[in-house]
Amino acid sequence: MKFIDEYRSPALVSGLLLRIKKKAALLSRTITIMEVCGSHTTAIGRFGIRRLLPENIRLVSGPGCPVCVTSTQDIDQALWLASRPDTLFTSYGDLLRVPGSHGNSLEKIRATGAQVKTVHSALEALTLAQTHPDQKVVFMGIGFETTSPTVAAAVLKAEKLNLNNFSIFCSHKLMPPVMRLLLDEQELALDGFLCPGHVSTIIGTKVYEFITDSGRAAAVTGFEPVDILEGIYLILEELTNGISKVRLQYQRGVNSQGNPKARELLHEVFEPATVNWRGLGQIPDSGLTLRKEFSAFDAGCHFVIPEIESQTNSSCRCGEVLRGLIEPAACKMFGSTCTPNNPFGPCMVSNEGSCAAAFRYPAH
Amino acid sequence: MCISFPGRIIAFKEDDCLAVIEIGGTRREVSLDLLDEPVTLNDYLLCHAGFAIHKIDAEEAEKSLALLQEIIDNEIY
Ligand code: SF4
(Lines give C-alpha, C1' and ligand atoms only; values in the text may rest on other atoms or scores of the structure.)
Protein backbone atom coordinates (compact mmCIF):
# COMPACT_ATOMS: atom_id res chain seq x y z
CA MET A 1 0.00 0.00 0.00
CA LYS A 2 1.36 3.34 -1.07
CA PHE A 3 2.58 5.64 1.71
CA ILE A 4 2.72 2.64 4.05
CA ASP A 5 4.90 -0.08 2.56
CA GLU A 6 7.81 2.22 1.66
CA TYR A 7 8.00 3.24 5.30
CA ARG A 8 8.51 -0.37 6.37
CA SER A 9 11.62 -0.88 4.24
CA PRO A 10 14.08 -3.18 6.09
CA ALA A 11 17.04 -1.36 4.48
CA LEU A 12 15.88 2.02 5.77
CA VAL A 13 15.05 0.57 9.19
CA SER A 14 18.49 -0.97 9.64
CA GLY A 15 20.19 2.15 8.28
CA LEU A 16 18.31 4.33 10.75
CA LEU A 17 19.04 1.96 13.63
CA LEU A 18 22.74 2.20 12.91
CA ARG A 19 22.57 6.01 12.96
CA ILE A 20 20.55 5.92 16.18
CA LYS A 21 23.14 3.67 17.84
CA LYS A 22 25.96 6.03 16.86
CA LYS A 23 24.11 9.06 18.18
CA ALA A 24 23.01 7.32 21.37
CA ALA A 25 26.63 6.42 22.11
CA LEU A 26 27.31 10.17 22.39
CA LEU A 27 24.87 10.47 25.28
CA SER A 28 26.24 10.17 28.80
CA ARG A 29 22.96 9.03 30.32
CA THR A 30 19.68 7.29 29.65
CA ILE A 31 17.12 9.50 27.95
CA THR A 32 13.34 9.24 28.17
CA ILE A 33 11.10 9.90 25.18
CA MET A 34 7.32 9.84 25.49
CA GLU A 35 4.79 9.16 22.76
CA VAL A 36 1.34 10.61 23.35
CA CYS A 37 -0.64 9.02 20.57
CA GLY A 38 -2.40 5.68 20.91
CA SER A 39 -1.47 4.80 17.33
CA HIS A 40 2.20 5.36 18.19
CA THR A 41 1.85 3.10 21.23
CA THR A 42 0.39 0.34 19.08
CA ALA A 43 2.96 0.76 16.29
CA ILE A 44 5.91 0.77 18.71
CA GLY A 45 4.63 -2.48 20.23
CA ARG A 46 3.68 -4.10 16.96
CA PHE A 47 6.98 -3.41 15.23
CA GLY A 48 9.01 -4.28 18.33
CA ILE A 49 10.75 -0.90 18.27
CA ARG A 50 11.72 -0.95 21.98
CA ARG A 51 13.73 -4.11 21.51
CA LEU A 52 15.67 -2.59 18.62
CA LEU A 53 16.81 0.53 20.42
CA PRO A 54 20.05 1.00 22.38
CA GLU A 55 19.65 0.53 26.13
CA ASN A 56 20.03 4.19 26.95
CA ILE A 57 16.89 5.17 25.02
CA ARG A 58 13.76 4.65 27.06
CA LEU A 59 10.38 4.94 25.34
CA VAL A 60 7.38 5.54 27.57
CA SER A 61 3.72 5.78 26.60
CA GLY A 62 1.59 8.70 27.68
CA PRO A 63 -2.12 9.56 27.75
CA GLY A 64 -2.73 9.27 24.00
CA CYS A 65 -5.46 6.68 23.91
CA PRO A 66 -8.81 8.52 23.85
CA VAL A 67 -10.75 5.60 25.31
CA CYS A 68 -8.25 5.22 28.17
CA VAL A 69 -8.31 8.86 29.29
CA THR A 70 -12.12 9.02 29.36
CA SER A 71 -13.05 9.41 33.02
CA THR A 72 -15.15 6.87 34.89
CA GLN A 73 -17.72 9.60 35.46
CA ASP A 74 -18.10 10.15 31.72
CA ILE A 75 -18.60 6.39 31.29
CA ASP A 76 -21.17 6.36 34.12
CA GLN A 77 -23.04 9.25 32.54
CA ALA A 78 -22.89 7.50 29.16
CA LEU A 79 -24.43 4.43 30.80
CA TRP A 80 -27.17 6.62 32.27
CA LEU A 81 -27.88 8.20 28.86
CA ALA A 82 -27.87 4.88 27.05
CA SER A 83 -30.40 3.51 29.55
CA ARG A 84 -33.06 6.14 28.68
CA PRO A 85 -35.89 4.33 26.92
CA ASP A 86 -36.11 6.68 23.91
CA THR A 87 -32.34 6.95 23.35
CA LEU A 88 -30.26 5.37 20.63
CA PHE A 89 -26.72 5.74 22.01
CA THR A 90 -23.79 5.62 19.59
CA SER A 91 -20.02 5.72 19.87
CA TYR A 92 -16.82 4.06 18.64
CA GLY A 93 -16.51 0.34 19.29
CA ASP A 94 -13.69 0.33 21.84
CA LEU A 95 -15.54 2.60 24.21
CA LEU A 96 -18.42 0.16 24.54
CA ARG A 97 -16.34 -2.27 26.60
CA VAL A 98 -14.99 0.19 29.19
CA PRO A 99 -16.37 -0.63 32.63
CA GLY A 100 -18.06 2.12 34.66
CA SER A 101 -18.20 2.37 38.46
CA HIS A 102 -20.14 -0.81 39.05
CA GLY A 103 -18.67 -3.07 36.41
CA ASN A 104 -21.35 -2.30 33.82
CA SER A 105 -20.34 -1.31 30.32
CA LEU A 106 -22.28 -0.05 27.31
CA GLU A 107 -21.84 -3.48 25.77
CA LYS A 108 -23.29 -5.18 28.86
CA ILE A 109 -26.33 -2.94 29.10
CA ARG A 110 -26.92 -3.45 25.38
CA ALA A 111 -27.25 -7.17 26.10
CA THR A 112 -30.03 -6.34 28.54
CA GLY A 113 -31.98 -4.23 26.09
CA ALA A 114 -30.40 -0.75 25.95
CA GLN A 115 -30.09 0.66 22.44
CA VAL A 116 -26.37 1.05 21.88
CA LYS A 117 -24.78 1.05 18.46
CA THR A 118 -21.17 1.13 17.26
CA VAL A 119 -20.44 3.73 14.61
CA HIS A 120 -17.23 4.65 12.80
CA SER A 121 -17.94 8.34 12.55
CA ALA A 122 -20.21 11.08 13.82
CA LEU A 123 -21.73 11.24 10.30
CA GLU A 124 -22.92 7.67 10.68
CA ALA A 125 -24.68 8.64 13.91
CA LEU A 126 -26.23 11.60 12.09
CA THR A 127 -27.58 9.28 9.39
CA LEU A 128 -29.13 7.13 12.14
CA ALA A 129 -30.87 10.23 13.49
CA GLN A 130 -32.33 10.84 10.01
CA THR A 131 -33.55 7.28 9.65
CA HIS A 132 -34.86 7.00 13.25
CA PRO A 133 -36.87 10.24 13.70
CA ASP A 134 -38.76 8.75 16.66
CA GLN A 135 -35.55 8.24 18.68
CA LYS A 136 -33.08 10.58 20.32
CA VAL A 137 -29.73 9.69 18.81
CA VAL A 138 -26.82 10.56 21.08
CA PHE A 139 -23.27 10.37 19.79
CA MET A 140 -20.54 10.16 22.42
CA GLY A 141 -17.57 12.06 21.03
CA ILE A 142 -14.14 11.10 22.32
CA GLY A 143 -10.73 11.76 20.85
CA PHE A 144 -8.26 14.57 20.34
CA GLU A 145 -7.86 17.30 17.73
CA THR A 146 -7.86 14.79 14.87
CA THR A 147 -11.35 13.61 15.70
CA SER A 148 -13.16 16.66 17.10
CA PRO A 149 -13.30 18.55 13.76
CA THR A 150 -15.17 15.59 12.26
CA VAL A 151 -17.78 15.93 15.02
CA ALA A 152 -17.93 19.70 14.49
CA ALA A 153 -18.66 19.09 10.80
CA ALA A 154 -21.41 16.64 11.74
CA VAL A 155 -23.00 19.20 14.11
CA LEU A 156 -22.95 21.84 11.37
CA LYS A 157 -24.58 19.39 9.00
CA ALA A 158 -27.24 18.53 11.59
CA GLU A 159 -27.97 22.24 11.95
CA LYS A 160 -28.35 22.61 8.21
CA LEU A 161 -30.72 19.64 8.12
CA ASN A 162 -32.70 21.02 11.07
CA LEU A 163 -32.35 17.74 12.92
CA ASN A 164 -33.80 17.88 16.41
CA ASN A 165 -33.13 14.31 17.51
CA PHE A 166 -29.32 14.35 17.25
CA SER A 167 -27.01 15.36 20.08
CA ILE A 168 -23.40 15.05 21.18
CA PHE A 169 -22.25 13.80 24.56
CA CYS A 170 -18.89 15.51 24.40
CA SER A 171 -15.82 13.98 26.01
CA HIS A 172 -13.30 15.42 23.56
CA LYS A 173 -9.88 16.41 24.81
CA LEU A 174 -6.99 18.59 23.72
CA MET A 175 -3.44 17.37 23.50
CA PRO A 176 -1.11 20.34 24.25
CA PRO A 177 -2.41 21.06 27.81
CA VAL A 178 -1.72 17.52 28.98
CA MET A 179 1.72 17.53 27.33
CA ARG A 180 2.52 20.71 29.24
CA LEU A 181 1.57 18.99 32.47
CA LEU A 182 3.73 15.95 31.76
CA LEU A 183 6.67 18.11 30.82
CA ASP A 184 6.70 19.40 34.41
CA GLU A 185 6.31 15.96 35.99
CA GLN A 186 9.56 15.57 37.95
CA GLU A 187 9.31 11.82 38.33
CA LEU A 188 9.05 11.35 34.56
CA ALA A 189 11.98 13.60 33.69
CA LEU A 190 11.16 13.69 29.99
CA ASP A 191 13.83 14.54 27.44
CA GLY A 192 11.49 14.74 24.52
CA PHE A 193 8.17 14.00 22.90
CA LEU A 194 7.32 12.05 19.79
CA CYS A 195 4.49 14.44 18.94
CA PRO A 196 1.27 12.89 17.60
CA GLY A 197 1.26 12.88 13.79
CA HIS A 198 -2.44 13.09 13.06
CA VAL A 199 -3.25 15.55 15.84
CA SER A 200 -0.57 17.72 14.22
CA THR A 201 -2.24 17.31 10.80
CA ILE A 202 -4.88 19.59 12.33
CA ILE A 203 -2.97 21.76 14.83
CA GLY A 204 0.36 22.11 12.99
CA THR A 205 3.83 22.19 14.55
CA LYS A 206 4.19 25.66 16.07
CA VAL A 207 2.01 24.77 19.08
CA TYR A 208 4.76 22.50 20.36
CA GLU A 209 7.26 25.33 20.81
CA PHE A 210 6.60 25.31 24.57
CA ILE A 211 8.47 21.97 24.57
CA THR A 212 11.58 23.25 22.85
CA ASP A 213 11.37 26.48 24.88
CA SER A 214 11.69 24.34 28.00
CA GLY A 215 14.86 22.75 26.63
CA ARG A 216 13.30 19.46 25.62
CA ALA A 217 13.08 17.91 22.15
CA ALA A 218 9.95 17.55 20.02
CA ALA A 219 9.56 15.62 16.76
CA VAL A 220 6.22 15.40 14.94
CA THR A 221 6.27 11.81 13.80
CA GLY A 222 4.36 9.38 11.56
CA PHE A 223 3.29 5.84 12.33
CA GLU A 224 5.39 3.41 10.34
CA PRO A 225 8.70 1.95 11.58
CA VAL A 226 10.81 4.26 9.39
CA ASP A 227 8.81 7.26 10.64
CA ILE A 228 9.17 6.35 14.31
CA LEU A 229 12.89 5.60 14.04
CA GLU A 230 13.53 8.80 12.11
CA GLY A 231 11.53 10.70 14.75
CA ILE A 232 13.72 9.19 17.47
CA TYR A 233 16.82 10.04 15.46
CA LEU A 234 15.72 13.68 15.13
CA ILE A 235 15.18 13.84 18.90
CA LEU A 236 18.68 12.45 19.47
CA GLU A 237 20.06 14.99 17.05
CA GLU A 238 18.38 17.79 19.01
CA LEU A 239 19.59 16.43 22.33
CA THR A 240 23.18 16.00 21.23
CA ASN A 241 23.53 19.17 19.13
CA GLY A 242 21.43 21.45 21.32
CA ILE A 243 17.68 22.06 21.08
CA SER A 244 16.93 24.23 18.06
CA LYS A 245 13.31 23.78 16.97
CA VAL A 246 10.31 21.49 16.68
CA ARG A 247 11.31 18.89 14.09
CA LEU A 248 8.84 17.67 11.49
CA GLN A 249 9.47 14.07 10.49
CA TYR A 250 5.95 13.35 9.19
CA GLN A 251 6.06 15.69 6.22
CA ARG A 252 3.65 13.70 4.08
CA GLY A 253 0.93 13.93 6.73
CA VAL A 254 1.49 17.34 8.31
CA ASN A 255 1.88 20.92 7.08
CA SER A 256 3.58 23.15 9.60
CA GLN A 257 0.47 25.36 9.73
CA GLY A 258 -1.85 22.36 10.20
CA ASN A 259 -5.32 22.33 8.66
CA PRO A 260 -6.83 25.81 9.19
CA LYS A 261 -10.24 24.87 7.81
CA ALA A 262 -10.64 21.96 10.23
CA ARG A 263 -9.56 24.23 13.10
CA GLU A 264 -12.04 26.88 12.02
CA LEU A 265 -14.95 24.41 12.15
CA LEU A 266 -13.67 23.08 15.46
CA HIS A 267 -13.66 26.56 17.01
CA GLU A 268 -16.98 27.48 15.47
CA VAL A 269 -18.72 24.61 17.23
CA PHE A 270 -16.64 23.95 20.36
CA GLU A 271 -14.86 25.96 23.01
CA PRO A 272 -12.20 24.87 25.52
CA ALA A 273 -13.35 23.61 28.91
CA THR A 274 -11.79 22.25 32.06
CA VAL A 275 -12.34 18.50 32.01
CA ASN A 276 -11.52 15.41 33.99
CA TRP A 277 -8.94 12.93 32.67
CA ARG A 278 -8.65 9.42 33.98
CA GLY A 279 -5.57 9.22 36.13
CA LEU A 280 -4.70 12.89 35.68
CA GLY A 281 -7.71 14.60 37.21
CA GLN A 282 -9.02 18.01 36.16
CA ILE A 283 -6.84 19.90 33.71
CA PRO A 284 -7.76 23.51 32.88
CA ASP A 285 -8.89 24.10 29.30
CA SER A 286 -7.92 20.60 28.25
CA GLY A 287 -11.24 19.54 26.79
CA LEU A 288 -14.06 20.76 24.60
CA THR A 289 -17.65 21.70 25.14
CA LEU A 290 -20.26 22.80 22.60
CA ARG A 291 -20.67 26.55 22.28
CA LYS A 292 -23.98 28.05 23.44
CA GLU A 293 -25.05 28.64 19.84
CA PHE A 294 -25.02 24.88 19.34
CA SER A 295 -26.64 23.86 22.63
CA ALA A 296 -29.50 22.33 20.64
CA PHE A 297 -27.01 19.59 19.78
CA ASP A 298 -25.63 19.17 23.29
CA ALA A 299 -26.85 15.98 25.03
CA GLY A 300 -26.68 17.98 28.27
CA CYS A 301 -29.56 20.15 26.94
CA HIS A 302 -31.70 17.24 25.76
CA PHE A 303 -31.39 15.36 29.05
CA VAL A 304 -30.84 16.37 32.66
CA ILE A 305 -27.74 14.26 33.13
CA PRO A 306 -27.13 13.60 36.84
CA GLU A 307 -23.78 14.27 38.50
CA ILE A 308 -22.73 10.74 39.36
CA GLU A 309 -20.38 9.94 42.27
CA SER A 310 -18.09 7.63 40.36
CA GLN A 311 -15.72 5.10 41.79
CA THR A 312 -12.64 4.00 39.94
CA ASN A 313 -11.44 0.56 40.85
CA SER A 314 -8.43 1.16 43.06
CA SER A 315 -6.50 -1.93 41.98
CA CYS A 316 -6.38 -0.79 38.33
CA ARG A 317 -3.25 1.31 37.87
CA CYS A 318 -4.27 2.91 34.55
CA GLY A 319 -3.73 6.33 36.11
CA GLU A 320 -0.03 5.70 36.61
CA VAL A 321 0.26 3.92 33.26
CA LEU A 322 -1.27 6.94 31.51
CA ARG A 323 1.23 9.29 33.12
CA GLY A 324 4.11 7.07 32.04
CA LEU A 325 5.05 6.42 35.67
CA ILE A 326 4.81 2.63 35.53
CA GLU A 327 5.03 0.00 32.82
CA PRO A 328 1.80 -2.01 32.41
CA ALA A 329 3.52 -5.17 33.69
CA ALA A 330 4.02 -3.44 37.06
CA CYS A 331 0.27 -3.78 37.65
CA LYS A 332 -0.52 -6.96 39.59
CA MET A 333 -3.57 -7.66 37.47
CA PHE A 334 -1.69 -7.41 34.15
CA GLY A 335 -1.96 -10.61 32.14
CA SER A 336 -3.64 -12.53 34.96
CA THR A 337 -6.98 -11.04 35.98
CA CYS A 338 -6.74 -8.36 33.31
CA THR A 339 -6.36 -9.40 29.65
CA PRO A 340 -7.74 -8.05 26.35
CA ASN A 341 -10.48 -10.71 26.45
CA ASN A 342 -11.39 -9.86 29.99
CA PRO A 343 -10.28 -6.27 30.51
CA PHE A 344 -10.37 -4.75 33.94
CA GLY A 345 -9.39 -1.21 33.04
CA PRO A 346 -9.59 0.95 29.91
CA CYS A 347 -5.87 0.66 29.10
CA MET A 348 -6.53 -3.04 28.42
CA VAL A 349 -9.85 -2.47 26.62
CA SER A 350 -8.71 -0.26 23.82
CA ASN A 351 -6.48 -1.57 21.07
CA GLU A 352 -4.50 1.62 21.49
CA GLY A 353 -4.14 1.26 25.24
CA SER A 354 -0.68 0.76 26.73
CA CYS A 355 -1.72 -2.37 28.65
CA ALA A 356 -3.27 -3.98 25.56
CA ALA A 357 -0.16 -3.15 23.49
CA ALA A 358 2.15 -4.53 26.19
CA PHE A 359 0.04 -7.71 26.42
CA ARG A 360 -0.09 -8.31 22.66
CA TYR A 361 3.52 -7.42 21.99
CA PRO A 362 5.66 -8.36 25.01
CA ALA A 363 8.90 -6.40 25.06
CA HIS A 364 11.07 -9.33 26.15
CA MET B 1 -10.30 3.69 18.03
CA CYS B 2 -10.59 5.17 14.59
CA ILE B 3 -7.20 5.17 12.97
CA SER B 4 -6.16 7.42 10.10
CA PHE B 5 -5.09 5.95 6.78
CA PRO B 6 -3.87 7.14 3.38
CA GLY B 7 -6.17 6.31 0.47
CA ARG B 8 -6.41 7.12 -3.23
CA ILE B 9 -9.41 8.95 -4.70
CA ILE B 10 -11.14 6.76 -7.28
CA ALA B 11 -14.42 8.67 -7.64
CA PHE B 12 -16.46 11.61 -6.43
CA LYS B 13 -20.07 11.61 -5.26
CA GLU B 14 -22.81 13.99 -4.16
CA ASP B 15 -21.67 17.08 -6.05
CA ASP B 16 -18.05 16.42 -5.11
CA CYS B 17 -18.78 16.61 -1.37
CA LEU B 18 -17.77 12.97 -0.95
CA ALA B 19 -14.84 11.04 -2.33
CA VAL B 20 -14.60 7.29 -2.77
CA ILE B 21 -11.23 6.22 -1.42
CA GLU B 22 -9.37 3.02 -2.08
CA ILE B 23 -6.96 1.58 0.42
CA GLY B 24 -5.42 -1.86 -0.05
CA GLY B 25 -8.35 -3.13 -2.12
CA THR B 26 -11.12 -1.84 0.15
CA ARG B 27 -13.26 1.20 -0.55
CA ARG B 28 -14.58 3.84 1.79
CA GLU B 29 -16.50 7.04 1.34
CA VAL B 30 -15.13 10.14 3.01
CA SER B 31 -16.48 13.65 3.33
CA LEU B 32 -14.33 16.44 1.88
CA ASP B 33 -15.81 19.10 4.21
CA LEU B 34 -12.62 19.48 6.26
CA LEU B 35 -10.25 19.96 3.33
CA ASP B 36 -9.39 23.43 2.16
CA GLU B 37 -7.53 22.57 -0.98
CA PRO B 38 -8.86 21.26 -4.28
CA VAL B 39 -8.39 17.56 -4.97
CA THR B 40 -8.58 15.48 -8.12
CA LEU B 41 -8.84 11.82 -9.04
CA ASN B 42 -5.84 9.72 -7.94
CA ASP B 43 -4.83 12.17 -5.23
CA TYR B 44 -3.97 10.55 -1.93
CA LEU B 45 -5.83 11.71 1.16
CA LEU B 46 -5.33 11.04 4.84
CA CYS B 47 -8.69 9.89 6.13
CA HIS B 48 -10.06 9.78 9.66
CA ALA B 49 -13.50 8.93 11.05
CA GLY B 50 -15.34 9.42 7.77
CA PHE B 51 -13.50 12.58 6.70
CA ALA B 52 -10.47 13.44 4.60
CA ILE B 53 -8.23 15.56 6.81
CA HIS B 54 -5.18 16.16 4.61
CA LYS B 55 -4.06 15.92 1.01
CA ILE B 56 -0.73 14.12 0.72
CA ASP B 57 1.77 15.88 -1.48
CA ALA B 58 2.98 12.74 -3.26
CA GLU B 59 5.88 14.43 -5.00
CA GLU B 60 7.15 15.94 -1.74
CA ALA B 61 6.80 12.60 0.01
CA GLU B 62 8.79 10.79 -2.65
CA LYS B 63 11.49 13.44 -2.55
CA SER B 64 11.93 13.25 1.20
CA LEU B 65 11.98 9.46 1.17
CA ALA B 66 14.67 9.51 -1.53
CA LEU B 67 16.60 12.02 0.54
CA LEU B 68 16.42 9.79 3.60
CA GLN B 69 17.65 6.85 1.50
CA GLU B 70 20.53 8.96 0.22
CA ILE B 71 21.46 10.16 3.69
CA ILE B 72 21.53 6.58 4.95
CA ASP B 73 23.43 5.23 1.94
CA ASN B 74 26.08 7.90 2.22
CA GLU B 75 26.22 7.80 6.00
CA ILE B 76 25.63 11.54 6.20
CA TYR B 77 23.56 11.04 9.32
S1 SF4 C 1 -3.28 -4.21 33.52
FE2 SF4 C 1 -5.50 -3.88 33.65
S3 SF4 C 1 -5.90 -3.39 35.76
FE4 SF4 C 1 -3.69 -3.11 35.42
S5 SF4 C 1 -3.43 -0.97 34.87
FE6 SF4 C 1 -3.68 -2.07 32.97
S7 SF4 C 1 -5.89 -1.97 32.54
FE8 SF4 C 1 -5.63 -1.42 34.72
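As a convention, each chain's residues are numbered from 1 in the sequence order in which they are written. Labels follow written order: the first chain is A, the first ligand is 1, and so on. Totals for whole chains, interfaces and linings use all residues, but because this is a predicted model, local features are given only for residues with pLDDT of at least 70 and pairs of side-chain atoms are given and counted only at 80 or more. Derived side-chain values reflect all non-hydrogen atoms in the structure, with water molecules and hydrogen atoms excluded from consideration.

Go over the environment of Leu81(A) with me, naming the residues and quoting the values.
All names here are of chain A. By the criteria applied, helices consist of DSSP H or I runs no shorter than four residues and strands consist of E runs no shorter than two, each listed in order from the N terminus. Along the polypeptide, Leu81 turns up in helix 5 (residues 72-82). The classification of residues rests on relative accessible area computed with a 1.4 Å probe and restricted to protein chains. Under 20% of the type maximum is buried, over 50% is exposed, and intermediate values are partly exposed. Take Leu81: its relative accessible area is 0%, and that puts it in the buried class. With 223 residues separating them along the chain, Leu81 and Val304 place their C-alpha atoms 9.5 Å apart. Dropping the residues within four chain positions of it, Leu81 is found in contact with Thr87, Phe89, Val138, Phe169, Ala299, Phe303 and Ile305. It only takes one pair of heavy atoms within 4.5 Å for two residues to be counted as in contact.

Talk me through the packing of helix 7 (residues 122-131) of chain A against helix 8 (residues 148-160) of chain A; I want residue IDs and the actual numbers.
Residues and elements named next belong to chain A. Helix axes are fitted to C-alpha atoms over the stretch in contact, other axes to C-alpha atoms as well, and angles between N-to-C directions run from 0 to 180 degrees. It is the contact of helix 7 with helix 8, at a shortest axis distance of 8 Å, that shows an interaxial angle of 25°. When the axis of helix 7 is compared with that of helix 8, the two are roughly parallel. Classified by chirality, the crossing of helix 8 by helix 7 is right-handed. Residues Ala122, Leu123 and Leu126 of helix 7 lie in contact with helix 8, whose contacting residues are Thr150, Val151, Ala154, Lys157 and Ala158. Of the residues in the contact of helix 7 with helix 8, the class split is six nonpolar, one polar and one charged. Small angles under 35 degrees read as roughly parallel and large ones over 145 as roughly antiparallel, with 65 to 115 read as roughly perpendicular and the rest as oblique. By definition, turning the near helix anticlockwise from the far helix through less than a right angle yields a left-handed crossing, and turning it clockwise yields a right-handed one. When residue character is reported, Ala, Val, Leu, Ile, Met, Phe, Trp, Tyr, Cys and Pro are called nonpolar, Asp, Glu, Lys and Arg charged, and the others, Gly included, polar.

Would you mind going over the interface of chain B and chain A in detail, with residue names and values included?
Opposite the 32 residues of chain B that make contact, chain A presents 45 residues. Surface buried jointly by chain B and chain A totals about 3400 Å² across both partners, of which 67% is contributed by carbon and sulfur atoms. Note on definitions: salt bridges are taken to be side-chain nitrogens of Lys or Arg within 4 Å of carboxyl oxygens of Asp or Glu. At the surface where chain B touches chain A, the tally comes to one salt bridge. Close ionic contact of Glu62(B) with Lys2(A) constitutes a salt bridge, the shortest N to O distance being 2.8 Å. As used in this structure description, the phrase polar contact means that two N or O atoms lie within 3.5 Å; if the pair is within protein, one of them must be able to donate a hydrogen and the other to accept it, and residues adjacent in sequence are counted only when both atoms belong to side chains. Inspection of the region where chain B meets chain A yields nine residue pairs in polar contact (both at pLDDT 80 or more). The set of elements that each furnish at least two residues to the side of chain B that touches chain A consists of strand 1 (4-13), strand 4 (44-48), strand 5 (51-56) and helix 1 (58-73) of chain B. Element by element, the count of residues in the side of chain B that touches chain A is highest for helix 1 of chain B, at nine residues. When its residues are assigned to classes, the side of chain B that touches chain A shows 20 nonpolar, eight polar and four charged. Defined in terms of a 1.4 Å probe, buried area is the accessible area two parts forfeit on being brought together, summed over both.

So, the site of the ligand: which residues are in play, and what are the values?
The nearness test applies per residue and asks whether one of its heavy atoms lies within 4 Å of the molecule or strand. Around the ligand, the neighbouring residues are Cys316(A), Arg317(A), Cys318(A), Cys331(A), Met333(A), Phe334(A), Cys338(A), Phe344(A), Gly345(A), Met348(A) and Cys355(A). When grouped by side-chain class, the residues that make up the shell around the ligand number nine nonpolar, one polar and one charged.

Honestly, that's just the spatial picture; any functional story needs more than this.
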